[in-house]
Amino acid sequence: MAGTPKPFFVAGRAQTAPGLLAVLNKHKGAELATVCVPTAEAVDRALTAAVGAVDALRTLPAYRRSEALFHVARRLRERAEEVARIVCGEVGKPIGDARNEVARAIDTLRLSGEEATRLTGEYLPLDSSARGENTEAIVKRVPAGVCSFITPFNFPLNLAAHKIGPALAAGCPFVLKPDPRTPLSALVLAEMLAETDLPAGSFSVLPVTDETARDMFVTDERIRVLSFTGSSRVGWELRSRAGNKKVLLELGGNAACIIDAPISRTDLERIADRVCYGCFALAGQSCISVQRILVQRTIYDAVLEAIVSRAKQIRAGDPLDESTAIGPMISVEAAERVERWIDEAVKAGALIRTGGQRVGAFMEPTLVENAPAQSKLVCDEVFGPVAVIQPFDSFDEALASINAGKYGLQTGVFTASLTHALRAWNVLNVGGVIVNDVPSSRMDAMPYGGVKESGLGREGVRYAVQEFTELRTLVLRNVGRPRREKRDAAAGSDPKGDSRAILSDSMSYADAKSLSDTAT
């Protein structure tokens with residue numbers, strides 16, 4: 001039984017409501033828990049409280065924001081196995097992958113705690129032109145204000161941490177809407193945050209389902225930053241409705257992996273293992289899952305054979321079984337869509353080299369050859385355990401193929417050539433190039449995000465902190481030093497000519513008028 005309904009959090013306090021949401025175990029289909037559903041009125045209260053917390057959180061000493069984040073990281077470490085099992089149940093993610101997600105979330109929160117004390121500014125001399133003589137500036141970062149976060153189902157813990165941690169490090173109160181299919185992980189983080197002494201209103205976690213309440217996370221004018229992680233279609237639609245707030249989008253992709261010649265037998269086995277992990281881990285439900293495999297023609301047959309052989313060894317089953325490598329997709333409907341896309345490609349001439357079968361929400365690890373260039377398996381985001389493989393002749397041909405797509409998140413390049421590695425980095429229109437590993441590799445400290453249809457802005461703790469701040473400049477004129485025009489006048493220069501050059505300066509109107517009168 002699911003037990004007592006779990007509360008949501010408004011302004012740091014647990015709240016209940018009559019409306020209930022059933023969270024299902026994605027493998028068994030049974031009810032895992034029930035969650036109280038916030039109303040539009042609860043969302044409004046959360047936003048009002050967040051606005052009220054802006055000054056308190058902005059002025060809270062950095063070490064106290066840091067301590068709050070370290071507390072959550074420490075509590076998450078103490079409850080690691082419990083939380084891993086929650087992730088495993090609500091997502092259908094194999095327990096080993098769920099434990100890895102918990103470990104990553106701990107790192108993300110720890111890094112955020114460190115960054116809270118590293119918000120620095122910049123001294124900027126302005127005498128690079130005559131107008132800036134005796135003038136200097138100091139630039140600092142200030143919190144952007146209330147943030148709204150919308151997170152997806154596939155990494156419900158760590159992707160929530162990637163928004164929560166940097167926002168609090170920057171001094172921004174937030175409201176967070178987790179995916180209603182997987183709200184439990186975010187609510188655990190809220191429980192831990194509630195144990196800290198952050199100012200009232202600093203955070204709210206609201207698993208809303210009502211359309212009116214959802215829209216408030218996007219359109220409400222009290223929000224200054226909207227950060228969304230999810231599909232490209234939804235993300236760009238939200239941006240069109242967000243008004244004048246700053247919008248950060250971490251969206252989808254159809255990540256490619258280039259395998260360049262030559263490679264040794266040992267390298268071949270390692271590459272096949274990593275590529276299969278990139279293609280099929282998490283049932284392919286990652287925006288940087290390997291979807292396109294581009295192989296240099298001279299090694300194509302050997303690589304194809306090695307990947308097919310490795311894919312056939314992948315064990316699907318109960319996510320709680322330690323030997324399971326791939327669990328179910330998030331729903332039967334999601335698996336049925338992937339199955340349709342495979343069937344469409346096959347009808348257009350593609351060949352299934354392994355997999356292709358579906359049982360309920362389980363989709364076999366599937367490798368497809370000769371998929372037409374315009375098929376959905378090539379052009380769109382599959383978000384399932386499916387990859388297409390094709391040969392290329394020249395390295396530049398492979399790069400051009402990737403750049404021709406509408407996404408630009410990350411690309412993996414297996415190569416022994418430093419020249420090719422640097423060329424990929426310089427030529428590919430993507431957010432990141434991962435050399436000698438799959439594009440599915442993401443370190444939580446690195447800048448992460450895409451271009452084109454893959455999004456706007458960057459995550460990665462330090463870079464996200466910057467996204468949640470604004471620059472504020474202080475300009476100082478050193479009034480104790482004589483201005484150039486006065487020095488020149490004392491030296492016998494033409495004051496009238498000098499005044500014409502100086503009138504466009506940033507001096508006061510009275511000063512400018514006085515100088516002009518003197519010159520005439």
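Report on the accompanying structure.

Calculation notes
Residues numbered from 1 in each chain as written. Predicted model: local features only at pLDDT ≥ 70, side-chain atom pairs only at ≥ 80, totals over all residues. Heavy atoms only, no water. Pairing = 2+ DSSP bridges. Helix = DSSP H or I, 4+ residues; strand = E, 2+ residues; numbered from the N terminus. Axes fitted to C-alpha atoms, helices over the stretch in contact; angles between N-to-C directions. Patch = residues over 30% accessible without salt bridge, like charges linked within 9 Å, V, L, I, M, F, W, Y side chains within 5 Å. Areas by Shrake-Rupley, 256 points an atom, 1.4 Å probe, with all protein chains shown as cover. Salt bridge = Lys/Arg side-chain N within 4 Å of Asp/Glu carboxyl O. Buried < 20%, exposed > 50% of the residue type's maximum accessible area, 1.4 Å probe, protein only. Expected span 1.5 Å × (residues − 1). Contact = heavy atoms within 4.5 Å. Phe/Tyr/Trp six-rings, centres within 6.5 Å; stacked < 30°, edge-to-face > 60°.

### Looking at the sheet that holds strand E14 (residues 351-354)
Picture the strands of a sheet paired through backbone hydrogen bonds; they go either parallel or antiparallel. Taken in spatial order, the seven strands line up as E14-E17-E18-E13-E12-E20-E21 in an open sheet, and their pairing is mixed. Across the chains shown, the open sheet's two edge strands, defined by having one partner strand only, are E14 and strand E21 (432-435). Along the sheet, successive strands turn relative to each other by an average axial angle of 25°, direction set aside. Relative to E21, strand E20 (residues 410-414) runs parallel, the two sharing four bridges. What sits directly across from Thr411, in E21, is Val433.

### Considerations on a nonpolar patch on the surface
The grouping of Tyr123, Ile138, Leu474 and Leu476 at the surface amounts to a nonpolar patch, some 380 Å² of accessible area in total. Position of Leu476 relative to the elements: it lies in strand E24 (residues 469-477). Exposure remark for Leu476: the relative accessible area of 35% places this residue in the partly exposed category.

### A closer look at helix H3 (residues 80-91)
Here H3 contains twelve residues, and its C-alpha end-to-end distance of 16 Å stays within 8% of the 16 Å for a straight helix at 1.5 Å per residue. Val83, Ala84, Ile86, Val87, Cys88, Gly89, Glu90 and Val91 are the residues of H3 that are buried. Taken together, the buried residues of H3 touch strand E3 (20-24), strand E4 (31-36), helix H2 (62-78), helix H4 (95-115) and helix H6 (184-193). In the stretch just after H3, Gly92 is the one whose phi turns positive, near 85°.

### Topic: the environment of Leu187
Residue placement: Leu187 occurs in helix H6. When its relative accessible area of 2% is taken as the criterion, Leu187 is described as buried. C-alpha separation for the pair Leu187 and Arg224, spaced 37 residues apart in sequence, amounts to 23 Å. Ignoring any residue separated from it by four or fewer positions in sequence, one finds Leu187 in contact with Pro7, Phe8, Phe9, Val35, Val205 and Pro207.

### Remarks on H2
Under the 1.5 Å per step criterion, the end-to-end length of H2 is 24 Å for 17 residues, consistent within 8% with the ideal 24 Å. Where H2 is concerned, the buried positions are Arg65, Ser66, Ala68, Leu69, His71, Val72, Ala73 and Leu76. Buried positions along H2 lie against helix H1 (40-59), H3, H4, helix H5 (158-170) and H6.

### Topic: the packing of aromatic side chains
By the definition in use, this model includes four aromatic pairs. Centre to centre, the rings of Phe149 and Phe468 are 5.5 Å apart; their planes meet at 45°, and the pair counts as tilted. In this pair, Phe149 sits in strand E7 (residues 147-150) while Phe468 sits in the loop between helix H15 (461-467) and E24, placing the two residues 319 residues apart along the sequence. The same class applies to Phe149 as to Phe468, namely buried. Look at Phe153 and Phe383: their rings are 5.9 Å apart centre to centre, the planes differ by 90°, and that puts the pair in the edge-to-face class.

### Observations regarding the pairing of strand E11 (residues 246-250)
Counted residue by residue, E11 has four buried out of five residues, so it is predominantly covered. When strand E10 (residues 225-229) meets E11, the two strands line up parallel, connected through five bridges. What sits directly across from Thr229, in E11, is Glu250. Pairing of E11 with strand E23 (residues 455-456), which is carried by two bridges, proceeds in the antiparallel orientation. Bridge pairing in E23 places Glu250 opposite Gly455.

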